[in-house]
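Residues per chain are reported as follows:
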Amino acid sequence: MLSDEKTRRKGFELLVREYSEQLYWQIRRIVLVHEDADDVLQNSLIKAWNGLDNFHGDSKIITWLSRIAINESLDFMRRQKNAPMLSTDDVDTGIANQLMADDYFDGDQTEAQLQEAIAKLPDVQRTVFTLRYYDEMKYSDISRITGTSEGALKASYHIAVKKISEFFRQHD
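Our subject in this report is the structure included herewith.

Procedures and definitions
Residues numbered from 1 in each chain as written. Predicted model: local features only at pLDDT ≥ 70, side-chain atom pairs only at ≥ 80, totals over all residues. Heavy atoms only, no water. Helix = DSSP H or I, 4+ residues; strand = E, 2+ residues; numbered from the N terminus. Buried < 20%, exposed > 50% of the residue type's maximum accessible area, 1.4 Å probe, protein only. Areas by Shrake-Rupley, 256 points an atom, 1.4 Å probe, with all protein chains shown as cover. Phe/Tyr/Trp six-rings, centres within 6.5 Å; stacked < 30°, edge-to-face > 60°. Lys NZ or Arg CZ within 6 Å of the ring centre and 35° of its normal. Salt bridge = Lys/Arg side-chain N within 4 Å of Asp/Glu carboxyl O. Core = buried A, V, L, I, M, F, W, Y, C linked by side-chain atoms within 4.5 Å. Contact = heavy atoms within 4.5 Å. Axes fitted to C-alpha atoms, helices over the stretch in contact; angles between N-to-C directions. Parallel < 35°, antiparallel > 145°, perpendicular 65-115°, else oblique. Nonpolar A, V, L, I, M, F, W, Y, C, P; charged D, E, K, R; others polar.

## Remarks on the overall build of the protein chain
Move 1: Helices and strands together make up the secondary structure of the protein chain, namely nine helices and zero strands.
Move 2: Counting helices and strands in the order they occur from the N terminus, the protein chain gives α-α-α-α-α-α-α-α-α.
Move 3: Taken over 172 residues, the protein chain has a buried fraction of 42%.
Move 4: Surface exposure of the protein chain reaches about 10100 Å², of which carbon and sulfur atoms provide 50%.

Encoded structure:
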């Protein structure tokens, strides 16, 4: 049994090494702040470790890990919006300025504005847009991660693109 536990740990360490950066960026594009992304990533990996026996190979391991990370990210965002000391306006405004001041942000003003536009999207649209635009995921993979039909995802992505375009028209 001790050998099995050692093998399990070693295998999980390999998964963490292989997929942590990709998961970090999926999370970061949703929660935006580096420190928050680190916390959500850590929580996601703990959840994955605890649920390892529930992975049966029905999907790719990265799809399973992404689903955990995306759900943790969305839960984090909901908690942030429901926190009594923060109003929704405080969470959503000035994101471009916050990002430009963030030592870990390496984009320009346009990228910061894009992140602000994305942050204003509803959770589902934000998730679909970031997975499709940044990670270039297929709708079929996003469907497995989110549990949403491909048709609904395509519609959400299209609406998200329209809203982001409108954001840039208003801030031009």
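## Considerations on the packing of aromatic side chains
Move 1: Within the structure shown, the criterion is met by eight aromatic pairs.
Move 2: On the basis of an interplanar angle of 15 degrees and a centroid distance of 5.5 Å, the ring pair of Phe129 and Tyr157 is categorised as stacked. Taken together, the positions of Phe129 in helix α7 (residues 123-133) and Tyr157 in helix α9 (residues 150-170) put the pair 28 residues apart, joining distant regions of the chain. By the burial criterion, Phe129 is buried, and Tyr157 matches it.
Move 3: Members of the aromatic cluster, joined through ring pairs, are Phe129, Tyr133, Tyr134, Tyr139 and Tyr157.
Move 4: Lying across the ring of Trp49, Arg8 places its NZ or CZ 4.8 Å from the centre.
Move 5: Above the ring of Tyr139, the side-chain terminus of Arg132 is found at 4.3 Å from the ring centroid.

## Digging into the pattern of salt bridges
Move 1: For the coordinates displayed, the defined rule picks out nine salt bridges.
Move 2: Through salt bridges with shared partners, a single network forms among Asp75, Arg78, Asp123 and Arg126.

## Considering the nonpolar core
Move 1: Counting residues in hydrophobic clusters, the biggest one holds 40 residues, and the most contacted among them are Leu23 and Val31.
Move 2: Residue assignment for this core shows that the elements contributing at least two residues are α1 (2-31), α2 (34-50), α3 (61-82), α6 (109-119), α7, α8 (139-146) and α9.
Move 3: Leave out the neighbours within four places in its chain, and Val31 touches Asp36, Ala37, Val40, Ser73, Phe76 and Met77.

## Here we look at the packing of α8 against α9
Move 1: With their axes 9 Å apart at the nearest point, α8 and α9 run at an angle of 105 degrees to one another. On the basis of their axis angle, the class for α8 and α9 is roughly perpendicular. For the pair α8 and α9, contact is made by Tyr139, Ser140, Ile142, Ser143 and Thr146 and by Glu150, Leu153, Lys154 and Tyr157, respectively.
Move 2: Its residues assigned to classes, the contact of α8 with α9 shows four nonpolar, three polar and two charged.

## Describing α8
Move 1: Listing the buried residues of α8 in full gives Tyr139, Asp141, Ile142, Ser143 and Ile145.
Move 2: Among the structural elements, α3, α7 and α9 are those in contact with the buried residues of α8.

## Considerations on unusual backbone geometry
Move 1: The phi dihedral of Leu32 is positive, around 75 degrees, even though this residue is not glycine.
Move 2: By the element assignment, Leu32 lies in the loop between α1 and α2.
Move 3: Of note, Glu136 is a non-glycine position whose phi angle comes to about 50 degrees, a positive value.
Move 4: Positionally, Glu136 belongs in the loop between α7 and α8.
Move 5: With relative accessibility at 66%, the residue Glu136 sits in the exposed group.

## Comments concerning the environment of Val161
Move 1: On the secondary structure map, Val161 appears in helix α9.
Move 2: Judged by relative accessible area, Val161 falls into the partly exposed class, the value being 32%.
Move 3: C-alpha of Val161 to C-alpha of Arg126: the two residues are 35 residues apart in sequence and 10.0 Å apart in space.

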